[in-house]
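The lines below spell out each chain.
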Amino acid sequence: MTEGALNNALQGKFTYETFIDPDRGKIRWVTYPVIQNGRLVNILQVGGSLRNLEKVLQRLRLILLFLFPATLLLAVAGGWLLTLRALQPVDAMAQVARRITAGDLSRRIPVHAGQDELSRLAETFNAMIAQLEESIQRLRQFSADASHELRTPLTILKGETELALRQARTMEEYQETLASSLEEIDRISRIVEELFLLSKADLGEARLERKPVALAPLFKETLTQMELLAKEKAISLRFDCREETTITGDSDRLRELLLNLVENAIRYTPPEGRIIVTLSREGSHARVTVSDTGIGIPKEDLSKIFDRFYRSDSAREIHPKGSGLGLSICRWIVHAHGGTIQVDSTPGLGTLFTLRFPLRND
Ligand SMILES: Nc1ncnc2c1ncn2[C@@H]1O[C@H](COP(=O)(O)OP(=O)(O)O)[C@@H](O)[C@H]1O
Ligand SMILES: [Mg+2]
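Definitions and cut-offs
- Residues numbered from 1 in each chain as written.
- Chains lettered and ligands numbered in written order.
- Predicted model: local features only at pLDDT ≥ 70, side-chain atom pairs only at ≥ 80, totals over all residues.
- Helix = DSSP H or I, 4+ residues; strand = E, 2+ residues; numbered from the N terminus.
- Rg over C-alpha atoms; globule rule 2.2 N^0.38 Å.
- Buried ≥ 20, exposed ≤ 12 C-beta atoms within 10 Å, placed from the backbone.
- Contact = placed C-beta atoms within 7 Å.
- Domains from an automatic or database assignment.
- Expected span 1.5 Å × (residues − 1).
- Pairing = 2+ DSSP bridges.
- Core = buried A, V, L, I, M, F, W, Y, C linked by C-beta atoms within 7 Å.
- Near = placed C-beta within 6 Å.
- Nonpolar A, V, L, I, M, F, W, Y, C, P; charged D, E, K, R; others polar.
- Axes fitted to C-alpha atoms, helices over the stretch in contact; angles between N-to-C directions.
- Left-handed = near helix turned anticlockwise from the far one by under 90°.

Caption draft 1: Focus on the overall build of the protein chain. Along the backbone of the protein chain there are 8 helices and 10 strands. Against the 2.2 N^0.38 benchmark of 21 Å for 362 residues, the protein chain shows a C-alpha radius of gyration of 47 Å, more extended than a compact globule. The burial tally for the protein chain puts 18% of its 362 residues in the buried class. Long-range pairs, those at least 24 residues apart, make up 60% of the contacts in the protein chain with a sequence separation of at least 6.

In structure tokens, the structure reads:
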């Protein structure tokens, strides 16, 4: 027994000690004082070999030494593979997006079955591209239509001028050519003017007054201006004012609106027809209708007549020099006044435009 262990035992304490035995390796000793009635009566010493325990520890150390790097390697490789797989759809999206940026808007991102975040993202992305494609298509169509509409009068102008210059003409012939040229120039400048107004409206730069406008006198005056045009075609033009109404807005624009609608009605109504403009109140709105007994509009064209440059085939036949911009301007004027415009038509019987504007509340 070591001195330290004996001292501890005398004080009533345990002692753990480890010795090296040449044969049995490490030995672990415990010295245990046996105390009875407060007196040390005996000292118990028990020892055991640590060889087996050491062996187990050694093995464990070895296992850990190999297992840990292997597990780490496996985890890294697995993580890398998983990330690669998870990000593959994102990579595919990026590739499609790159091609779309290059101008190919007909492409779509493949959407995999399932409702995970990535497929929802792909769907959203696709919807966005579809919208973009539609807007660009509309823009291209618009440019094509605009250049086409401008090319026609320019071609006529060029042809007539060249013809007049081919040989010496009489004074009357020159005057005739110039008068016809002026007509085409008027048409070109009208298209350009209307396009300019519409693009300003698109940009929100078209100015609109906001003053009280009494509709009845404004309409009466405008319709008086148009009576001559109607009379030329033996069309009766009537104004039926059921109630006076005042709205907030721009009287010049409102006059232009009625002018466009009635001009269309006169143009697309055969001789001896009837046009009626009514004005009334409907709740908190002013209600305006313009009805005619004209050629009408086929059902499939109803949704298109407010589009820029849209003209039905029969309209082109009746009036080859129209611009197809009048109703686009009408719709803008109505919307700028917080109103709505609606059309009902029966081909061969006639057309009814109904407009509603919020009344001015004093
Ligand atoms: N009162 C109407 N009756 C029949 N068709 C109409 C009438 N108003 C408009 N439309 C149709 O709507 C088209 C667009 O009208 P608009 O924008 O004013 O252009 P435009 O009068 O120069 O043709 C016309 O070409 C015609 O086909
Ligand atoms: Mg028109």
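Caption draft 2: View of the domain arrangement of the protein chain. Looking at the assigned domains, one finds that the protein chain contains domain 1 (3-49), domain 2 (117-202) and domain 3 (211-358). The distance between the C-alpha centroids of domain 1 and domain 3 comes to 117 Å.

Caption draft 3: Main features of helix 2 (residues 51-101). Here helix 2 spans 73 Å end to end across 51 residues, near enough to the 75 Å set by a 1.5 Å rise per residue. With 0 of 51 residues buried, helix 2 lies mostly on the surface of the structure.

Caption draft 4: The arrangement of the pairing of strand 9 (residues 340-346) in detail. With 7 bridges joining them, strand 9 and strand 10 (residues 350-358) adopt antiparallel strand pairing. Paired with S345 across the strands is T351, a residue of strand 10. Where strand 9 hands over to strand 10, the hairpin turn is made up of 3 residues, of which G348 adopts a positive phi near 90°.

Caption draft 5: Spotlight on the nonpolar core. Counting 35 residues, the largest nonpolar core has L257, L261, V262, A265, I275 and C330 as the members making the most contacts within it. Ranked by the residues each element gives to this core, the list is headed by helix 6 (residues 251-267), at 7 residues. If sequence neighbours within four positions are ignored, L261 has contacts with V290, C330 and F353.

Caption draft 6: Spotlight on the site of ligand 1. With respect to spatial proximity, 21 residues lie near ligand 1, and among them S312, A315, G322, G326 and L327 are the closest. Of all the secondary structure elements, the ones that give two or more residues to the shell around ligand 1 are helix 6 and helix 8 (326-336). Among the elements that make up the shell around ligand 1, the one with the highest residue count is helix 6 (3 residues). Residues of the shell around ligand 1, tallied by class, amount to 9 nonpolar, 10 polar and 2 charged.

Caption draft 7: Molecular detail of unusual backbone geometry. Located in the positive-phi region is N37, a residue other than glycine, with phi close to 50°. You can see N37 is positioned in the loop between strand 2 (25-36) and strand 3 (39-49). Using a count of 5 C-beta atoms within 10 Å as the deciding quantity, one classes N37 as exposed. A positive phi is found at A234, a non-glycine position, where the angle reads about 55°. Along the chain, A234 falls in the loop between helix 5 (215-232) and strand 5 (236-241).

Caption draft 8: Structural detail: the sheet that holds strand 2. Taking strand neighbours across the sheet as the criterion, the 3 strands line up as 1-2-3 in an open arrangement whose pairing is antiparallel. Each edge of the open sheet is held by one strand with a lone partner, namely strand 1 (15-21) and strand 3. The sheet shows a mean angle of 25° between the axes of neighbouring strands, direction not considered. Summarising the sheet, strand 1 and strand 2 pair through 7 bridges and their orientation is antiparallel. Bridging from a neighbouring strand, F19 pairs with I27 of strand 2.

Caption draft 9: Just the packing of helix 6 against helix 8, in detail. In contact at an axis separation of 9 Å, helix 6 and helix 8 are set at 140° when each is read in the N-to-C sense. As helix 6 packs across helix 8, the resulting crossing turns out to be left-handed. Residue-level contacts link R253, E256, L257, N260, L261 and N264 of helix 6 to G326, I329, C330, I333 and V334 of helix 8. Its residues assigned to classes, the contact of helix 6 with helix 8 comprises 6 nonpolar, 3 polar and 2 charged.

Caption draft 10: Here's a closer look at the sheet that holds strand 8 (residues 285-292). The strand order across the open sheet built from 5 strands is 5-7-8-10-9, with neighbouring strands paired in mixed fashion. Two strands in the sheet have a free side with no partner beyond their single neighbour: strand 5 and strand 9. Taken over all neighbouring pairs, the strand axes of this sheet differ in orientation by 15° on average, direction set aside. Each of strand 5, strand 7 (274-282) and strand 8 touches helix 5; the most contacted strand, strand 5, lies at about 175° to it.

Caption draft 11: Structural view of the packing of helix 4 (residues 171-202) against helix 8. Direction vectors running N to C along helix 4 and helix 8 enclose 35°, while the axes themselves pass 10 Å from each other. Between helix 4 and helix 8 lies a crossing whose hand is left-handed. Along its contact with helix 4, which presents E194, L197, L198 and A201, the element helix 8 presents S328, I329 and W332.

Caption draft 12: Layout of the environment of L154. With respect to the element layout, L154 can be found in helix 3 (residues 117-165). Classification of L154 by C-beta neighbours within 10 Å gives partly exposed; the count is 14. Between the alpha carbons of L154 and I185 there is a distance of 8.2 Å; along the sequence they are 31 residues apart.

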